[in-house]
Structures are given as structure tokens and as C-alpha cells.
Amino acid sequence: MEQKEDKLKEVISHAKEYGFVFPSSEIYDGLAATYDYGQLGSELKNNIKSYWWKSMVQMHENIVGIDSAIFMHPTTWKASGHVDAFNDPLIDNKDSKKRYRADVLLEEHMEKIRLKIEKEVEKGVKRFGDDFDEHQFRATNPNVLRNAEKIKEIEDRMRTALETNDLEGVYQLIMDCEIVCPISGSRNWTEVRQFNLMFSTELGSVAGDAATIYLRPETAQGIFVNFLNVQKSGRMKIPFGIAQIGKAFRNEIVARQFIFRMREFEQMEMQFFCRPGEEMKWYEYWKDTRSKWHKALGLGDNQYRFHDHIKLAHYANAACDIEFNFPMGFKELEGIHSRTDFDLKQHEQFSGKKLQYFDPELNQNYVPFVVETSVGLDRMFLAVLSASHKNEVLEDGSERTVLSIPPALAPYKVAVMPLTKKDGLPEKAREIIDGLKFDFLCQYDEKDSIGKRYRRQDAIGTPFSVTVDHETLENNTVTIRDRDTMDQVRVSIADLHRMIDEKVSMRTLLV
Ligand code: GAP
């Protein structure tokens, strides 16, 4: 656990040192759970957005993208259910004065029991070697069965209590599981209370005229209210999708773990409108498609897992998370939800406007069903940054810190370095940049030894470093160094563009 915390601390400090992420308004000691993206962070973030947008909009004929306003008519949030039901069940520990999400305490408790099961299985592997039958072991070992039964019982009680808003039941479950506060170690808990997560503000400057409006807690509603606008103006035929990237705001009580849980964050969401009855087919399709999108980054297939929701949101008939192995362990990265026709029907009811589609093949009007994919941009950022951050010991015993960011997402694609600051080498280096800069973000670097410059580029994840030396002036060749293998080869300047493009193009991820 301590090792994991150390890893997160290392990533946070690296992110600050190299201009990826800064605490917001730091000169005033920062603002809790709010962060600013620096010069390299905004490049990485833009590249992640571009990867998502291209894969969703550019690679799908039937998906289009929009950019709706953050402020929406307040009735939107009545209709969507957020005013009444967008709550977290919270509980305080009276000794440490720390506040927790009650469901998260229970999830973490179940995770601990799951780990016990895995340890038991590991013991079995060690004991029986090649003869080990894992399936049989899980089905018969008394310790495994007892712990699996415990998890099931907690899950069932938690689901029932949350679904029926039985807060006393949630409290009792926490007591029965003997869950202690991680800080004080005590079981001195308050009752469980519901807390609405939406930020509100007032519209209009004249007193009395003001109306309460909300900062959107999800971008999805901007898509729902524009469903007919897009369908009609874009002549879209079902099934089709509407995608959007934008800010969302939640008054998270337990906001911690760096950019994992923030009060202001960005979502990349897509609502896929389909025929009623076909939603489960599309739910499976999007689970698979989104899983492939993540895995194409090469951060390691075993770093992802699906987690089915126990407590379904008020709008869903099926939902799961794609979890990523963050430095803090497996946590939600993306949600995939079958939202039924809940949102469109609610907006029909509250606006009095029909939000229906005429299906020419069925010769029928209906309210479409919706499958949603929703991934947090900041969580993607943390996933990429933490999985890419490596401390390596090299063959000669020296050390380097490298960010092996997938090249298509790397902030700078190439650094061009004159070996010395004289003899026309800087001018030649700038000439090379002039030939590359229309397609790739390049960095010019002439300070310090070449070795130090390589280390600097490794630390910010630049896939290629090009060195210009005296031979360059004679025959127009340079050395190009690969960030990951550290191999250097001499190539013609004329070949640079192709070589870089082959490795850093988004095509490498999208095919
Ligand atoms: N429209 C559905 C929706 O908003 P969600 O599971 O509440 O569903 C979707 O959020 C994604 O948004 C999450 O998987 C996560 O990546 C991201 N997200 C949610 N709350 C966040 C927060 N406080 N900070 C950063 N990212 C967050």
C-alpha cells in the first residue's frame, strides 16, 4: 500500500516539475481538488481528446459531435433526476472528523475480502504446482467459499439498502462489517446522510429576477436536449450517436487522489440512440469497442478490468465500469451505461415537446433507447501518465526516468538538438524543425551535454531526439534516437518526416 502511495506521490511531483499538472491557484496555497494543466499537460490532454474524438466521430459514419453550453435551463436537472437523486451517501468518523462515502467504504471492505480469496488461490498454486485446477479449487475450497459468500451477502444488503434509500440499513451494514476509519482506526461513526453533488449559482444580476442554475454535473444532458436538433439537421438515422467533450462539475466531498476525483473535470461522452429492445446488443458492442480503444494504447491489457455496477444509477438498466490499475489500485476509468429511454422521456414530460424518432423501416414513431459511454479525460490523463512513468537502471548502471507515453499522445514528438552552439549547427537544426513543424510539435534544445538533453526528453516522453552534428553539414544526415530503445541510427534528413510519422501518427492507434 505504501509503495502505491509512493508511486502516486512520484507521479504528482514529476507532473509538477515538468509542467504537466499544477495545483490550481498555487500562490494562494491551492484550492482543494482543483488542478491546472501546464504547457505539457495541455498538449497531452489535447492529444487524448483527439484520440477519442477521431475514434468516435471520424471513424464512425453514424456518430457526430457537438459542443453544448455548460449552463442549461434549470428544469433540465429536474427532468434528469439530478436535483432529487444525484446524491452520495456520506458518513463521518467522529474521532478523525473525516468524511467518507458509505458505499466506497463498503466497496473497499469487499475488495479486501476479494484479496484474501486471491491469496488463498495463490497458496493453492504453490502447493499443487502443475496439478492445480483453479476452477475446482475456487468451487470447493472452504475458505474461498466462505469469503465469496461474505462478499455476496454484503453486496446484496448494500444493493437493497441503496436502492431503497435505506440509510439506516447502510449504517448497520458498516457496523456489522466492523469497518474502521483508516485514519483513527475507530468505529465511532455518525449516521449516513445524503448529499447533493451539484454546484448551484444564480442567473441574472437583478435581485428577485435571479434563478438558481446548476453547473452541469455531466455533459450527457446537453446531448439529450439536442437530440432532435441533431437528428433533423444532420438527417441522422437510428442507430446513431452524438459525442461531446466538455467540463463537468461535482461538489465531491471525498475529493482526493490528485486528478482522479476533482470538483471541476472533463468528460468525453457519447450517447448512442438505438431501437428499443436493441439496447443490450449495443451495450455489449460498446463495452467491447471501448475496451479495445483503451488497450490499443499498449499500457498493458492486464491493467484493465470490467466491474458491473451493483447500485444502478436512477436512469440505467445495465451499467459497468472499465477499471484501470491506477497507482491507488483498480478504479473506475470509464462508465458504460444502458440508460433506456429514461432521459428523453423525462425531457418530453418536463418540456411538453415530443422527442421521438420516426423509423421509416418500422413505419413507427418511438422514443429511442440510449447506450452511453462516458470516460473522464482527467482519469485518462492519470492512467497514461502513471503507467508511462518509469525509473530505469541502464546497462552501464546509470539511471533514467522515462515517460513512455504512447507516441501518438506524447506532447512533443521530436526534439532537435545541435551538437554545439556554433559552426552553423543551430541554424541547420532550425531548418530541420521548419520542415517538421507543420505536422509535429517539435522542441529545439541546445543547452547542456547531449546526454543531459536526452534525459530531459526522456522525462517528458518525447519519442524521438534528432542530433545535428558536423557530418550533417556535409551530407544532410542526422542521428535519430528512439526514446524507448535508446537506439541511435544515422538517417537522411529527407527520411525524418516519414520515420517520425510512422511512429507518432494517430493511425497507429486507430486501426
Ligand atoms: N453521464 C454519465 C456519468 O457522468 P459517471 O460514472 O458519473 O457517469 C463518468 O462519470 C466518468 O466521468 C467516470 O468514469 C470518470 O472517469 C469521470 N468522473 C466522474 N466524476 C469525476 C470526478 N469527480 N473527477 C474526475 N473524473 C470524474
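Cut-off values and rules
- Residues numbered from 1 in each chain as written.
- Predicted model: local features only at pLDDT ≥ 70, side-chain atom pairs only at ≥ 80, totals over all residues.
- Heavy atoms only, no water.
- Domains from an automatic or database assignment.
- Contact = heavy atoms within 4.5 Å.
- Buried area = accessible area lost by both parts, 1.4 Å probe.
- Salt bridge = Lys/Arg side-chain N within 4 Å of Asp/Glu carboxyl O.
- Polar contact = N/O pair within 3.5 Å; in protein donor to acceptor, adjacent residues only side chain to side chain.
- Helix = DSSP H or I, 4+ residues; strand = E, 2+ residues; numbered from the N terminus.
- Buried < 20%, exposed > 50% of the residue type's maximum accessible area, 1.4 Å probe, protein only.
- Pairing = 2+ DSSP bridges.
- Axes fitted to C-alpha atoms, helices over the stretch in contact; angles between N-to-C directions.
- Phe/Tyr/Trp six-rings, centres within 6.5 Å; stacked < 30°, edge-to-face > 60°.
- Lys NZ or Arg CZ within 6 Å of the ring centre and 35° of its normal.
- Near = heavy atom within 4 Å.
- Areas by Shrake-Rupley, 256 points an atom, 1.4 Å probe, with all protein chains shown as cover.
- Nonpolar A, V, L, I, M, F, W, Y, C, P; charged D, E, K, R; others polar.

1. Some details on the domain arrangement of the chain
Reasoning step 1: Once the domains are mapped, the chain shows domain 1 (1-70 + 217-386) and domain 2 (394-510).
Reasoning step 2: A separation of 34 Å is found between the C-alpha centroids of domain 1 and domain 2.
Reasoning step 3: In this complex, domain 1 contributes 18 residues to the contact, which on the side of domain 2 involves 16 residues.
Reasoning step 4: For the pair domain 1 and domain 2, the summed buried area comes to about 1,500 Å², and 82% of that belongs to carbon and sulfur atoms.
Reasoning step 5: Linking domain 1 with domain 2 are zero salt bridges, by the criterion used here.
Reasoning step 6: On the surface where domain 1 and domain 2 come into contact, there are three residue pairs in polar contact (both at pLDDT 80 or more).
Reasoning step 7: Looking at the side of domain 1 that touches domain 2, the elements with two or more residues in it are helix H2 (39-58) and helix H13 (377-388).

2. A look at helix H12 (residues 342-351)
Reasoning step 1: Of all the residues in H12, the buried ones are Asp343, Leu344, Gln346, His347 and Glu348.
Reasoning step 2: Structurally, H12 contributes buried residues whose contacts are with helix H3 (75-80), helix H9 (220-224), helix H10 (227-233), strand E10 (264-274) and strand E13 (329-340).
Reasoning step 3: A positive backbone phi angle near 75° is found at glycine 352, which sits one or two residues after H12.

3. Describing the sheet that holds strand E9 (residues 240-249)
Reasoning step 1: On the basis of which strands lie adjacent, the open sheet formed by seven strands has the order E3-E9-E10-E16-E13-E12-E11 and mixed pairing. In the strand order of this sheet, the two ends are held by strand E3 (63-66) and strand E11 (304-308), each with one partner. Geometrically, the sheet is characterised by an average inter-axis angle of 25° between neighbouring strands, direction not taken into account.
Reasoning step 2: Of the strand pairs in this sheet, E9 and E10 are connected by 10 bridges, and their pairing is antiparallel.

4. A few points about the packing of aromatic side chains
Reasoning step 1: The tally for this structure, following the rule as stated, stands at 19 aromatic pairs.
Reasoning step 2: Geometrically, the ring pair formed by phenylalanine 128 and phenylalanine 132 is stacked, given 6.4 Å between the ring centres and 5° between the ring planes.
Reasoning step 3: Residue classification places phenylalanine 132 among the buried residues on the basis of a relative accessible area of 16%.
Reasoning step 4: Put simply, the rings of Phe224, Phe227, Phe240 and Phe273 touch in pairs and so form one group of aromatic residues.
Reasoning step 5: One residue, arginine 481, lies across the ring of tyrosine 454, its end atom 4.4 Å from the ring centre.

5. Considerations on the pairing of strand E17 (residues 389-393)
Reasoning step 1: The pairing of E17 with strand E18 (residues 399-403) spans five bridges and is classified as antiparallel. Along E18, the bridge assignment pairs lysine 390 with valine 402.

6. A word on the site of the ligand
Reasoning step 1: In the vicinity of the ligand there are 21 residues, among which Glu218, Met262, Glu269, Glu332 and Leu333 approach most closely.
Reasoning step 2: Within the side chain of arginine 339, an N or O atom sits 3.3 Å from a nitrogen atom of the ligand.
Reasoning step 3: Taking 550 Å² as the accessible area of the ligand by itself, protein coverage stands at 94%.
Reasoning step 4: Examining the composition of the shell around the ligand, we find that six residues originate from one element, E13, more than from any other.
Reasoning step 5: When grouped by side-chain class, the residues that make up the shell around the ligand number six nonpolar, five polar and 10 charged.

7. Remarks on unusual backbone geometry
Reasoning step 1: Each neighbour pair has its own omega, and for isoleucine 238 with proline 239 the value is 5°, a cis peptide bond.
Reasoning step 2: Considering the arrangement of structural elements, one finds proline 239 in the loop between H10 and E9.
Reasoning step 3: The phi dihedral of glutamate 178 is positive, around 55°, even though this residue is not glycine.
Reasoning step 4: Within the fold, glutamate 178 resides in the loop between helix H8 (167-176) and strand E6 (193-196).
Reasoning step 5: Notably, arginine 235 is not glycine yet its phi reads approximately 45°, a positive angle.
Reasoning step 6: Take arginine 235: it is sitting in the loop between H10 and E9.
Reasoning step 7: The exposed category is assigned to arginine 235, whose relative accessible area is 72%.

8. Considering the pattern of salt bridges
Reasoning step 1: Evaluated as defined, the whole model comprises 43 salt bridges.
Reasoning step 2: Notably, a salt bridge pairs aspartate 156 with arginine 159, separated by 3.6 Å at the nearest N-O pair. You can see aspartate 156 and its partner arginine 159 sitting in helix H7 (residues 142-163), three residues apart, about one turn around the helix.
Reasoning step 3: Take aspartate 156: its relative accessible area is 28%, and that puts it in the partly exposed class.
Reasoning step 4: Of the charged contacts, one joins lysine 447 and aspartate 448 as a salt bridge, the two residues approaching to 3.8 Å between their closest N and O atoms.

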